[in-house]
Amino acid sequence: QVQVVESGGGLVQPGGSLGLSCTASSVSLTRGLTAWFRQAPGKEREFVAAIRRDTYYEDSVKGRFTISRDNAKNTVALQMNSLKPEDTALYYCAVRLLWSSDYVRSSEYDYWGQGTQVTVSS
C-alpha cells in the first residue's frame with residue numbers, strides 16, 4: 001500500500017524560510033512525477049511545484065521556492081524562501097506513477113499525503 005507523508009510545516013514570519021519534505025512508501029519517487037500543491041481556506045487546491053527530470057513552478061513561487069529530490073532517501077523537498085502571508089496554506093505532496101504534461105492538474109495524481117500546514121504571519 002502506497003503511503004505519502006509530508007513533514008516540516010509550521011509558523012514563520014514574513015520573509016522567513018521553511019522546508020517541507022515528502023516521503024513515500026512502496027513507490028519510487030525517482031520514476032514518476034512528484035508535486036506540491038497547496039490549499040488556503042476558502043480557495044481551490046493549486047499547483048506549486050513538480051519534479052521529474054526537470055522542475056516546474058507556479059509563477060508566484062518562481063525564484064522563492066525550490067523543489068528537489070534525494071534519490072537515496074526517496075524523498076522530495078520543497079525549500080521555501082522569502083515567504084509571504086499569501087503562501088499560508090495546507091501543503092500537499094502528490095505522486096503520479098507516470099509522466100504527465102498536465103502536471104498542474106490535481107486530478108492527474110495517483111497518491112496524496114494528508115498535508116502539512118504552513119502559516120506565514122507576524
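These figures come from a predicted structure and were not determined experimentally. (Residues numbered from 1 in each chain as written. Predicted model: local features only at pLDDT ≥ 70, side-chain atom pairs only at ≥ 80, totals over all residues. Heavy atoms only, no water.)

A few points about the state of the cysteines
- Enumeration over the complete set of coordinates arrives at 1 disulfide.
- Here Cys22 connects covalently by a disulfide to Cys93, the sulfurs 2.0 Å from one another. Looking along the S-S bond of the Cys22-Cys93 disulfide, the torsion reads about -75°, which is the left-handed sense. A residue pair is termed long-range when its members are at least 10 positions apart, and Cys22 in strand β3 (residues 18-25) and Cys93 in strand β9 (residues 89-96) qualify at 71 residues. Take Cys22 and Cys93: they sit in the same class, and that class is buried. (Disulfide = S-S within 2.5 Å. Helix = DSSP H or I, 4+ residues; strand = E, 2+ residues; numbered from the N terminus. Buried < 20%, exposed > 50% of the residue type's maximum accessible area, 1.4 Å probe, protein only.)

Describing the sheet that holds strand β1 (residues 3-7)
- Ordered in space as β1-β3-β8-β7, the 4 strands form an open sheet in which the pairing is antiparallel. Sheet topology places β1 and β7 (65-70) at the edges, where each strand pairs with a single neighbour. Along the sheet, successive strands turn relative to each other by an average axial angle of 15°, direction set aside.
- Two strands pair when backbone bridges link them, and β3 and strand β8 (residues 75-80) are joined in this way by 6 bridges, in the antiparallel orientation. (Pairing = 2+ DSSP bridges. Axes fitted to C-alpha atoms, helices over the stretch in contact; angles between N-to-C directions.)

Quick word on the environment of Val76
- Note that Val76 resides in strand β8.
- As for Val76 and Asp59, which are separated by 17 residues in sequence, their C-alpha atoms are 20 Å apart.
- Here Val76 is in contact with Leu20, Ser21, Cys22, Leu29, Thr34, Trp36, Ile51, Ile67, Ser68 and Arg69, once residues within four sequence places are set aside. (Contact = heavy atoms within 4.5 Å.)

Considering the nonpolar core
- Ranked by size, the top nonpolar core spans 26 residues in total, and within it Trp36, Val48, Phe65, Leu78, Met80 and Tyr91 carry the most contacts.
- Residue assignment for this core shows that the elements contributing at least two residues are β3, β5 (46-51), β7, β8, β9 and β11 (116-120).
- Each residue touching Met80, except ones within four places of it in the same chain, is listed here: Gly16, Ser17, Leu18, Leu20, Arg64, Phe65, Tyr91 and Val118.
- Among the nonpolar cores identified, the runner-up in size contains 8 residues, and Ala35, Ala50, Tyr56 and Ala94 belong to it. (Core = buried A, V, L, I, M, F, W, Y, C linked by side-chain atoms within 4.5 Å.)

A look at the pattern of salt bridges
- Counted under the stated rule, the structure contains 6 salt bridges.
- Salt-bridge contacts for Glu46 lead to Arg38; the nearest nitrogen and oxygen are separated by 2.6 Å.
- Classification of Glu46 as partly exposed rests on a relative accessible area of 33%.
- For Lys62, the salt bridge identified is with Asp59, shortest N-O distance 3.2 Å.
- Counted as one network, the salt bridges with shared partners bring together Arg38, Glu46, Arg64 and Asp87. (Salt bridge = Lys/Arg side-chain N within 4 Å of Asp/Glu carboxyl O.)

With respect to the packing of aromatic side chains
- Within the structure shown, the criterion is met by 9 aromatic pairs.
- With 5.5 Å between their ring centres and 50° between their planes, Phe47 and Tyr103 make a pair best called tilted. Of this pair, Phe47 sits in strand β5 while Tyr103 sits in the loop between β9 and β10 (111-112), and the two are 56 residues apart along the sequence.
- For the pair Tyr56 and Trp99, a centre-to-centre distance of 5.8 Å together with 40° between the ring planes defines the contact as tilted. With Tyr56 in strand β6 (residues 55-57) and Trp99 in the loop between β9 and β10, the pair connects residues that are 43 residues apart, well separated along the chain.
- You can call Trp99 partly exposed: its relative accessible area is 35%.
- Among the aromatic residues, those joined into a cluster by ring pairs are Phe37, Phe47, Tyr56, Tyr92, Trp99, Tyr103, Tyr109 and Trp112.
- Across the ring face of Tyr92, the terminal group of Arg45 is positioned such that the distance to the ring centre comes to 3.8 Å.
- Stacked on the ring of Trp112, the Lys or Arg Arg45 has its end atom at 4.7 Å from the ring centre. (Phe/Tyr/Trp six-rings, centres within 6.5 Å; stacked < 30°, edge-to-face > 60°. Lys NZ or Arg CZ within 6 Å of the ring centre and 35° of its normal.)

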